[in-house]
Amino acid sequence: MSFLSPEQLVEYRDKGYVVVRGLLTEQEVRDTREAMKKVIDEWYDVYDITGKAGPAWKEVVNIDPAVLSGDVRPDDRYQSVRKLNKLVKHKKQFFVQQVQHKYIVDICRQILGEDVMLLQSMALLKPPGTGEKKWHQDNAYFRLTPLDVFAFWIAIDPAFVENGW
């Protein structure tokens, strides 16, 4: 089965993106949110016990600079995190399974062909009051050639212009 329709593939090739509704079920989205909270809780448990995060945890959890500077005071620990990195590399099992989701793999193969590889596993969070995440092209950071790469952006919370998206 091909998850993307021929029209969606044309849209992707023309615009460089395509919106795919229904990729994950509502339960899968809730599970993703809970898995992200679990990673944050694990990090805070390590950090609070030792007084400092080890190198592996620094690689996984990034606190938002506005929170670190004291410009923003979050209501809870989840609102202090800007980014979760390298979730698959650090064997966060939920995310290892998620990148192997049948529809995600199917879309990758529809766009790139059968030989696909995971480059990065990251969750971008946007704590309240920390500013916008500006549009950008990831290859400015990766510098990959050939440019046979794309990303999945999965909205975990409702995304509207009114709340910053």
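Keep in mind that this is a model prediction, so the values were computed, not measured.

1. So, the overall build of the protein
Moving on, step 1. Looking only at helices and strands, the protein features seven helices and three strands.
Moving on, step 2. Starting at the N terminus, the α and β elements of the protein follow one another as α-α-α-β-α-β-α-α-β-α.
Moving on, step 3. Projected onto the principal axes, the alpha-carbon positions of the protein cover approximately 50 × 35 × 35 Å.
Moving on, step 4. Looking at the 165 residues of the protein, the share that counts as buried comes to 29%.
Moving on, step 5. A sequence separation of at least 24 residues applies to 67% of the contacts in the protein between residues at least 6 apart.

2. Considerations on the sheet that holds strand β1 (residues 61-63)
Moving on, step 1. Pairing within the open sheet is antiparallel, and its three strands lie in the order β1-β2-β3. With partners counted over all chains shown, the strands left at the sheet margins are β1 and β3 (123-124), one partner each.
Moving on, step 2. Bridging between strand β2 (residues 81-84) and β3 involves two bridges; their strand directions are antiparallel. Across the sheet, Lys83 pairs through a bridge with Leu124, a residue of β3.

3. Re the packing of aromatic side chains
Two aromatic rings are characterised by how far apart their centres lie and by the angle between their planes.
Moving on, step 1. One pass over the full model with this rule turns up four aromatic pairs.
Moving on, step 2. Ring geometry for Phe94 versus Phe95: centroids 5.2 Å apart, planes at 85°, classification edge-to-face.
Moving on, step 3. Overall, Phe94 belongs to the partly exposed group, its relative accessible area being 28%.
Moving on, step 4. Among the residues examined, Phe95 registers a relative accessible area of 6% and is labelled buried.
Moving on, step 5. Ring geometry for Phe150 versus Phe152: centroids 5.5 Å apart, planes at 55°, classification tilted.
Moving on, step 6. The class for Phe152 is partly exposed, based on a relative accessible area of 30%.
Moving on, step 7. Site record: aromatic cluster; members linked through ring pairs are Tyr12, Phe150 and Phe152.
Moving on, step 8. Here the basic side chain of Lys37 rests over the ring of Tyr78, its NZ or CZ set 5.3 Å away from the ring centre.

4. Overview of helix α1 (residues 6-15)
The α-helix winds at 3.6 residues per turn, so residues separated by three or four positions along the chain end up facing the same way.
Moving on, step 1. Within the span of α1, buried status applies to Gln8, Leu9 and Tyr12. Buried residues in α1, looked at end-on, bunch into an arc of 105°, giving them a common side. In α1, the exposed positions angled more than 90 degrees off the buried face are occupied by Pro6, Glu7, Asp14 and Lys15.
Moving on, step 2. For α1, the elements touching its buried residues are α6 (102-112).
Moving on, step 3. Remark: Gly16 follows α1 within two positions and exhibits a positive phi of approximately 90°.

5. Description of the confidence of the model for the protein
Moving on, step 1. When pLDDT is averaged across the protein, the result is 84; 91% of the residues are at 70 or more.
Moving on, step 2. Ranking the helices and strands of the protein by mean pLDDT puts α1 first, with 94, and helix α3 (residues 55-60) last, with 69.

6. Let's talk about the side chain of Gln98
Moving on, step 1. Within the secondary structure, Gln98 sits in helix α5 (residues 93-98).
Moving on, step 2. Excluding residues within four positions of it along the chain, Gln98 makes contact with Leu24, Thr32 and Ile104.

7. Structural notes on the nonpolar core
Moving on, step 1. Ranked by size, the top nonpolar core spans 33 residues in total, and within it Val61 and Leu84 carry the most contacts.
Moving on, step 2. Elements with a minimum of two residues in this core: α1, α2 (26-50), β1, α4 (65-68), β2, α5 and α6.
Moving on, step 3. When residues in this core are grouped by element, the largest group, seven residues, is from α2.
Moving on, step 4. Once residues lying within four places of it in the same chain are set aside, the contact partners of Leu84 are Met36, Val39, Ile40, Val60, Val61, Ser121, Met122, Ala123 and Leu125.

Cut-offs applied
Residues numbered from 1 in each chain as written. Predicted model: local features only at pLDDT ≥ 70, side-chain atom pairs only at ≥ 80, totals over all residues. Heavy atoms only, no water. Helix = DSSP H or I, 4+ residues; strand = E, 2+ residues; numbered from the N terminus. Buried < 20%, exposed > 50% of the residue type's maximum accessible area, 1.4 Å probe, protein only. Contact = heavy atoms within 4.5 Å. Pairing = 2+ DSSP bridges. Phe/Tyr/Trp six-rings, centres within 6.5 Å; stacked < 30°, edge-to-face > 60°. Lys NZ or Arg CZ within 6 Å of the ring centre and 35° of its normal. Arc of directions from axis to C-beta. pLDDT = per-residue confidence, 0-100. Core = buried A, V, L, I, M, F, W, Y, C linked by side-chain atoms within 4.5 Å.

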